[in-house]
Amino acid sequence: MSDRPLTGVGSWSDFIAIDGAYDAGSQAYMRDTKQGRKGSADLRLRQIQSALKTLEELGPEQALVTVPRAKNGGRRLYGEFSLMKETGRGGLQTPDAYVVPQNHWSAVTITIPANFFLQGWVQVLNPSEVATWLVLRVLSQWARKEHAKTGVYLYGKSRLEDFGLRRDAWEDGCRLLCDLKLIRHGRETALDSTAGAFDIFNWFAREGRERYEPYRWQVTDAGLAENAVKACTRELTLRKKGLDAMAEQRALRRSGPFSPTLPESPEQSAALAAAPPRPRA
């Protein structure tokens, strides 16, 4: 049974929930409204209760939590929920409860830094990005020496059959995680080393890949220490500025000669080269 309270400092509400109501129909977070609510604390509590109810109603044998009822058999006692194993409650009368793995167990387990939750990454990254990060984390702890020296990789067949990740989700996830400095291209430097806005070593590691060979990646836990919302906001702002600059270059291409004050990046040059030529008068 959970020994962490549902509300208050250090509670499940503080650990997981956010100050925003999610609308399943539009798949978006609604504006902050407090009509009929006590405030953000009540909103967070409702999120936890709704999540527990969903996990319990997965099925008699597939349920991932069990929530006891009051003596009269009605109201759910959410604060006394118990977590089940990843395979579900099971078909026996005694539920198959989850047990925290120990280092001496023979079963394969992975570690996840607390900052993944405390800094909000679990809330900011979308499911496919979280899955990509977890896959790389599994590989990094399965092949520790190779991960530390040259990085780990994943071929398409294993990616799809073993982890259920399609190519676009994998490539987009790796690209974003790299931009957020949660992973980097494999190289022989300390994993806890920090990089500036432009990591020249990361660029050389990426460009040095042999043709048709998969990219090699290293998981860098140092990036998890940064606030996820701030990091993602910064990255989205940089991407928007880049797109705006490319749009300005395209407009200049169509209207006349290039301005010498607007240098082109390789990405901008590629985009401009694909643009149709301006018709002659």
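What counts and how
- Residues numbered from 1 in each chain as written.
- Predicted model: local features only at pLDDT ≥ 70, side-chain atom pairs only at ≥ 80, totals over all residues.
- Heavy atoms only, no water.
- Core = buried A, V, L, I, M, F, W, Y, C linked by side-chain atoms within 4.5 Å.
- Buried < 20%, exposed > 50% of the residue type's maximum accessible area, 1.4 Å probe, protein only.
- Helix = DSSP H or I, 4+ residues; strand = E, 2+ residues; numbered from the N terminus.
- Contact = heavy atoms within 4.5 Å.
- Expected span 1.5 Å × (residues − 1).
- Phe/Tyr/Trp six-rings, centres within 6.5 Å; stacked < 30°, edge-to-face > 60°.
- pLDDT = per-residue confidence, 0-100.
- Salt bridge = Lys/Arg side-chain N within 4 Å of Asp/Glu carboxyl O.

**With respect to the nonpolar core**
Then comes step 1: Core analysis: the largest hydrophobic core is formed by 26 residues, its most contacted members being Trp121, Leu125, Leu136, Leu180, Leu182 and Ile183.
Then comes step 2: Those elements that provide at least two residues to this core are helix H5 (127–142), helix H8 (167–179), strand E6 (217–219) and helix H10 (228–255).
Then comes step 3: In this view, Leu180 contacts Trp121, Leu125, Ala231, Cys232 and Glu235; residues no more than four positions away in its chain are not counted.
Then comes step 4: Ranked by size, the runner-up nonpolar core spans nine residues in total, among them Leu45, Val65, Tyr78 and Phe81.

**Side note on helix H2 (residues 40–56)**
Then comes step 1: Compared with an ideal rise of 1.5 Å per residue, which puts 17 residues at 24 Å, H2 spans 25 Å between its outermost C-alpha atoms and is within 8% of the ideal.
Then comes step 2: As for H2, its buried residues are in contact with helix H1 (12–15) and strand E3 (65–66).

**Details of H5**
Then comes step 1: For H5, built from 16 residues, the straight-helix expectation of 22 Å at 1.5 Å per residue is met to within 8% by its first-to-last C-alpha distance of 22 Å.
Then comes step 2: The set of residues buried in H5 consists of Glu129, Val130, Thr132, Trp133, Val135, Leu136, Arg137, Leu139, Ser140 and Gln141.

**Some points on the packing of aromatic side chains**
Then comes step 1: Tallying each qualifying case throughout the model produces three aromatic pairs.
Then comes step 2: Seen in terms of ring centroids, Phe116 and Trp133 are 4.4 Å apart; in terms of plane orientation they differ by 5°. Their pairing is stacked. Remark: Trp133 occurs in helix H5 and Phe116 occurs in helix H3 (residues 115–118); sequence separation between them is 17 residues.
Then comes step 3: Overall, Phe116 belongs to the buried group, its relative accessible area being 3%.
Then comes step 4: Look at Trp133 and you get buried, because its relative accessible area is 0%.

**A look at the confidence of the model for the chain**
Segments scoring low in pLDDT should not have their predicted coordinates read at a detailed level.
Then comes step 1: Taken as a whole, the chain shows an average pLDDT of 77; of its residues, 72% reach a score of 70 or greater.
Then comes step 2: Considering only residues more than four positions removed or in separate chains, one finds that residues 274–281, a stretch of pLDDT under 50, has eight contacts.

**With respect to the pattern of salt bridges**
Then comes step 1: Taken as a whole, this structure holds 14 salt bridges when the rule is applied.
Then comes step 2: A salt bridge links Arg76 to Glu56, with the shortest nitrogen-to-oxygen separation between them at 3.0 Å. Residue Arg76 is located in the loop between E3 and strand E4 (82–83), and its partner Glu56 is located in helix H2; the two are separated by 20 residues in the primary sequence.
Then comes step 3: According to the relative accessible area criterion, Glu56 is buried, its value standing at 15%.

**Some details on unusual backbone geometry**
Then comes step 1: In the Ramachandran plot, Lys181 falls in the positive-phi region, its phi being about 65° despite a non-glycine side chain.
Then comes step 2: Summarising the element assignment, Lys181 is placed in the loop between H8 and strand E5 (183–185).
Then comes step 3: Judged by its relative accessible area of 32%, Lys181 falls in the partly exposed class.

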